[in-house]
Amino acid sequence: LLLNLSKSEFVENGVKIQYKTKTDKDTEKNKIINYFKTIKLNQNNINALNFVNNTLNVETNIWDDDLYTYVNVTLLNTDVFYKTLELQNIVGELIDENSEEVQCFCYYKGRINYTNNRSNTEILEEIMSESILNKADILEVNNGYTGNIILKSSEKINFAVSRYNTGTYFIIGTPIIFAAY
């Protein structure tokens, strides 16, 4: 894919799903607690749950109004062996026949290893030279670039190239980047 991800060192990936349901909030919350029971429950309050183990962090937000219960589940992973598709399958198990307006977002963050002597502009030029790109809107920011890209397949991707003291990172999100970078 973009910037040949094989040239980047995996740092983190993740998936976020959001949906609404007519199932009551407590039932939906219990479903999530039961589903993630093999991961340590770190926080349990009225509207949020957090589960953590060595490589996975699951954050959920649940709230309701008179008609619906709304659920956001974010799963972040630091184990290189979990592919994004596997993470989608994990959180996708929460979707049932009562789930409505389901949205799924994917995220990847990698450290670019070969950029020590390359400028952000050179990195951007490599991204723009990819043959799978159809259109790109780029914005220069203090420590790199961010923007959105439309691939020839019509898929929309947001990306960032950010340089920090710890290295240069390539972040992509479909269709948005939902995690802080």
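Turning next to the overall build of the chain. Broken down by element type, the chain carries 3 helices and 10 strands. Its helices and strands in sequence order give the chain the pattern β-α-β-β-β-β-α-β-α-β-β-β-β, from N to C terminus. The long-range share in the chain, meaning contacts at least 24 apart out of those at least 6 apart in sequence, stands at 55%. Carbon and sulfur atoms form 47% of the exposed surface of the chain, whose accessible area is close to 9900 Å².

Here we take up the pairing of strand E10 (residues 167-174). For a regular strand, the rule is simple: side chains alternate between the two faces of the sheet. Of all the 8 residues making up E10, 8 are buried; the element is thus mostly covered by neighbouring parts of the structure. Where burial is concerned, the two faces of E10 agree: the one with Gly-167, Tyr-169, Ile-171 and Gly-173 and the one with Thr-168, Phe-170, Ile-172 and Thr-174 are both buried. In terms of strand pairing, strand E6 (residues 99-112) meets E10 through 7 bridges, oriented antiparallel. Within E10, the residue paired with Ile-112 across the bridge is Thr-168. Note: strand E9 (residues 156-164) against E10, 7 bridges, orientation antiparallel. Residue pairing for E10: Tyr-164 is matched across the bridge by Gly-167.

Moving on, we come to the nonpolar core. Soluble globular proteins tend to pack their nonpolar side chains together in the buried interior. Membership of the largest hydrophobic core comes to 17 residues, with the highest contact counts inside it found for Ile-17, Ile-32, Phe-36, Phe-51, Val-58, Val-73 and Leu-94. When residues of this core are traced back to their parent elements, those giving at least two are strand E1 (8-21), strand E3 (48-52), strand E4 (56-64), strand E5 (69-77) and helix H2 (84-92). Not counting residues up to four positions away in its chain, the partners in contact with Ile-17 are Val-71, Asn-72, Val-73, Val-91, Leu-94, Ile-95, Gln-103 and Cys-104. Counting residues in hydrophobic clusters, the runner-up holds 10 residues, among them Phe-10, Tyr-108, Leu-151 and Val-161.

Applying the stated criterion across every chain yields a total of 6 aromatic pairs. Summarising the aromatic geometry, the rings of Tyr-35 and Phe-36 are spaced 4.9 Å apart at their centres and angled 80° between planes, so their arrangement reads as edge-to-face. Overall, Tyr-35 belongs to the partly exposed group, its relative accessible area being 30%. Ring geometry for Phe-36 and Phe-51: centres 5.4 Å apart, planes at 40°, overall tilted. You can see Phe-36 sitting in the loop between helix H1 (25-35) and strand E2 (40-44) and its partner Phe-51 sitting in strand E3, a full 15 residues away along the chain. What makes Phe-36 buried here is its relative accessible area of 2%. One residue, Lys-109, lies across the ring of Tyr-169, its end atom 4.9 Å from the ring centre.

Along the polypeptide, Leu-139 turns up in strand E7 (residues 133-141). When its relative accessible area of 52% is taken as the criterion, Leu-139 is described as exposed. When the C-alpha atoms of Leu-139 and Ala-160 are compared, they prove to be 9.4 Å apart, with 21 residues separating the residues in sequence. In this structure Leu-139 touches Gly-144, Tyr-145 and Thr-146, once residues within four positions along its chain are discounted.

Take the pattern of salt bridges next. A full pass over the atoms with the stated rule returns 4 salt bridges. Glu-9 serves as the salt-bridge partner of Arg-111, at 3.3 Å between the closest nitrogen and oxygen. In this pair, Arg-111 sits in strand E6 while Glu-9 sits in strand E1, placing the two residues 102 residues apart along the sequence. Assessed through its relative accessible area of 24%, Arg-111 is described here as partly exposed.

Time to look at a negative patch on the surface. Residues Asp-24, Asp-26, Asp-64, Asp-65 and Asp-66 make up a contiguous surface patch of negative charge. With respect to the helices, strands and loops of the structure, Asp-24 is situated in the loop between E1 and H1. With relative accessibility at 42%, the residue Asp-24 sits in the partly exposed group.

What counts and how
- Residues numbered from 1 in each chain as written.
- Predicted model: local features only at pLDDT ≥ 70, side-chain atom pairs only at ≥ 80, totals over all residues.
- Heavy atoms only, no water.
- Helix = DSSP H or I, 4+ residues; strand = E, 2+ residues; numbered from the N terminus.
- Contact = heavy atoms within 4.5 Å.
- Areas by Shrake-Rupley, 256 points an atom, 1.4 Å probe, with all protein chains shown as cover.
- Buried < 20%, exposed > 50% of the residue type's maximum accessible area, 1.4 Å probe, protein only.
- Pairing = 2+ DSSP bridges.
- Core = buried A, V, L, I, M, F, W, Y, C linked by side-chain atoms within 4.5 Å.
- Phe/Tyr/Trp six-rings, centres within 6.5 Å; stacked < 30°, edge-to-face > 60°.
- Lys NZ or Arg CZ within 6 Å of the ring centre and 35° of its normal.
- Salt bridge = Lys/Arg side-chain N within 4 Å of Asp/Glu carboxyl O.
- Patch = residues over 30% accessible without salt bridge, like charges linked within 9 Å, V, L, I, M, F, W, Y side chains within 5 Å.
- Lys, Arg positive; Asp, Glu negative; His and termini not counted.
- Charge placed at Lys NZ, Arg CZ, Asp CG, Glu CD.

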